[in-house]
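A closer look at the structure
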Amino acid sequence: MRWFDFGSNWQAFSARRLDAGRLTAAVHSLQALLGKETLGGLSFLDVGCGTGLFSIAAHQLGAVKVVGIDLNPSCISISEQNRDRLAPKAPVLFQLGSAINREDLHSLGRFDIVYAWGSLHHTGAMWAAIRNVAQQVSPGGLLVLAIYNKHFTSPVWKLIKWFYNHLPGWGRVLMAVLFSGIIYIAKFLVTGRNPLEKERGMDFWFDVVDWVGGYPYEYTTPLEVEKFVKAQGFNTRHRIPARVPTGCNEFVFVKNDGPYFGNDLRDFMPTMKSGEYDQGWEMKWDDMKKYGPFSRHLRRIIKNLIRPLAFHSVLDVGCGQGSLLWELQAQFPHMKPTGTDLSMKALDLARRRVPEGEFHVSDLAQESLEDKFDLVICSEVLEHIPDDQTAIRHLARMTGKYLVVSGPQGRMRRFEATVGHVRNYAYGELVHKLEQNGFRMVRVIEWGFPFYSPLYRNFLDLLGGRGTEGQFGPARRLTSIGLYHLFRLNSAKRGDELIVLAEIA
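To keep things clear, this report deals only with the structure shown in the data block. Numbers given for residues are sequential positions, taken from 1 along each chain in its written order. Under the rules for a predicted model, residues below a pLDDT of 70 receive no local features and side-chain atom pairs below 80 are neither given nor counted, while totals for whole chains, interfaces and linings still include all residues. The basis for the side-chain values is all heavy atoms of the structure; hydrogens and waters are excluded.

Let's shift gears to the side chain of Asn 424. Only DSSP runs of H or I with at least four residues qualify as helices, and only runs of E with at least two residues qualify as strands; both kinds are numbered from the N terminus onward. Residue position: Asn 424 is located in the loop between helix 17 (414-418) and helix 18 (429-436). For every residue, the accessible area (1.4 Å probe, protein chains only) is compared with the maximum for its type, and the residue is labelled buried under 20%, exposed over 50%, or partly exposed between those bounds. A relative accessible area of 0% places Asn 424 in the buried class. Only heavy atoms matter for contacts: two residues are in contact if any of them lie within 4.5 Å across the pair. In this structure, Asn 424 is in contact with Arg 239, Pro 241, Pro 408, Gln 409, Gly 410, Arg 411, Met 412, Glu 416 and Arg 457, ignoring residues within four places of it in sequence.

Using a 1 Å grid laid over the protein atoms alone, points where a 1.4 Å probe fits but cannot get out form a cavity; open sets with protein on both sides within 12 Å along at least 5 of 7 lines form a pocket; any residue with an atom within 4 Å of a point counts as lining. Grid points are joined across faces, edges and corners, and a volume is the space filled by probe spheres set on the points. By the definition in use, this model includes two cavities of 30 Å³ or more. For the second largest cavity, the calculated volume is near 40 Å³. The wall of the second largest cavity is formed by Leu 315, Val 317, Thr 340, Ser 362, Leu 364, Glu 367, Ser 368, Leu 369 and Met 398. We call Asp, Glu, Lys and Arg charged. Ala, Val, Leu, Ile, Met, Phe, Trp, Tyr, Cys and Pro are nonpolar, and the rest, Gly among them, are polar. Residue classes in the lining of the second largest cavity are distributed as five nonpolar, three polar and one charged.

Quick look at the packing of helix 13 (residues 293-306) against helix 20 (residues 474-487) now. Angles shown run from 0 to 180 degrees and are taken between the N-to-C directions of axes, each axis being a line fitted to C-alpha atoms and, for helices, limited to the stretch in contact. Following both chains from N to C, one finds helix 13 and helix 20 inclined at 45°, their axes separated by 8 Å at the closest point. Considering the angle they form, helix 13 stands oblique to helix 20. The handedness of the crossing between helix 13 and helix 20 comes out as right-handed. Taken together, the residues of helix 20 that come into contact with helix 13 (itself represented by Pro 293, Phe 294, Arg 296, His 297 and Arg 300) are Ser 480, Ile 481, Leu 483, Tyr 484 and Phe 487. Among the residues forming the contact of helix 13 with helix 20, the class breakdown is six nonpolar, two polar and two charged. Throughout, the term roughly parallel applies to angles under 35 degrees, roughly antiparallel to angles over 145, roughly perpendicular to angles from 65 to 115, and oblique to all others. Left-handed describes a crossing in which the near helix is turned anticlockwise from the far one by less than a right angle; the clockwise case is right-handed.

Counted as salt bridges are all cases of a side-chain nitrogen of Lys or Arg within 4 Å of a carboxyl oxygen of Asp or Glu. Following the criterion strictly, the structure yields 14 salt bridges and no others. A salt bridge links Glu 226 to Lys 433, with the nearest nitrogen and oxygen atoms 3.7 Å apart. Remark: Lys 433 occurs in helix 18 and Glu 226 occurs in helix 10 (residues 222-231); sequence separation between them is 207 residues. Like Glu 226, the residue Lys 433 is buried in the burial classification. Here Asp 348 makes a salt bridge to Arg 351, at a shortest N to O gap of 3.3 Å. In this pair, Asp 348 and Arg 351 both sit in helix 15 (residues 344-353), three residues apart, roughly one turn of the helix. According to the relative accessible area criterion, Asp 348 is partly exposed, its value standing at 33%. One connected set of salt bridges, linked through shared partners, spans Glu 226, Arg 239, Asp 388, Arg 423, Glu 429 and Lys 433.

Spelled out as structure tokens, the structure:
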């Protein structure tokens, strides 16, 4: 087997591109992915360190113990040179080591954060490597993975990579040049973004060489990764779907035998500092829920979905300020409304809208109400909960007849992470999890193409989500009305907004 020489590629990248600006970009990407401004007091293991860039970034963020390992001796030498150039005298250790060698890892001890971004699928024994690095995570610590997504074109890419590594040097350069144009066009069409604008401090050309030549090459689905890592004693804290079909799905797992990162849902919202969730309902989100075109359509779809059903008691889990219960009560005056939410501010607003309702402060991630309800609705909630399997089990305990769940699927935009999304579901994933927990699907709607998703969501991403916050004056309301009617043209059979009607089996 001819393996790709990652060391040569990273050496060229380090010599031509790597500078303080790219280190800053790497620092910012670590902060965003981990949801932490600092790593002060923590230990950090970088598995497959490559250039050492993220080991150095972890030190810059305050990690007290940083170790980078790589199988390639050239990568260790390059990493040490980059450390001495970008962070002189930094106590960052680089040494030879393999993720598929248990003794190499065991000798290092355990770490608060084990980071293996885009490396384990190149070991030739990916599942063994994942199992091995998972064992190096301290109780309550984090495991960070990026693994190639499984797609029908993946076997073709494997053949391309194998062929590349059997070419002479000039043939490899020619092949990389040819594919750079193809990859540029494909990424632009899929993402709508300039592929030259790289994140994580990376570079388009050197990434192309990696994509075309990186062999061995393995891939799998997000569900398979999460199932395997969960069996190692972890819960999913955060997942970012691949932006392109054969790109990397990113995962952050928390080891579940320790309290280090906390269990309250708000602990997992990187931008939700203490009190901000309550203040959001008071100052930012009330008008968005009332007038926003997406929220209005979501309520319309839910009302149409449940109209044929026979129900009396209704529970809205994560009811927010009560807009959905208020509209349901107007259309179904016979129903008995109940709502739960984390925020007292939101529940105060809900009580004003629905004075006949019963409301409880409750965290679906931690508990369920003792009563059962004919209809349980959980709209735009599960994507905020790290351990969504436990949350779904809590929903099952409260469901007497029917459950309606909605949430986003497909690629997660940046602005969605800023409002606390820890995942967007892969296609079919949420249905699979509901079936695992005793639900039978009655109807599945995938709504939103093309005007809501990708067009509207991409536009909000450019604005950083700011277009949905604050009060809606006359001009914003008029704009929202126009978008609402435009959204009527969206497909109900294709889109990134999933609305599921299920019944308890």
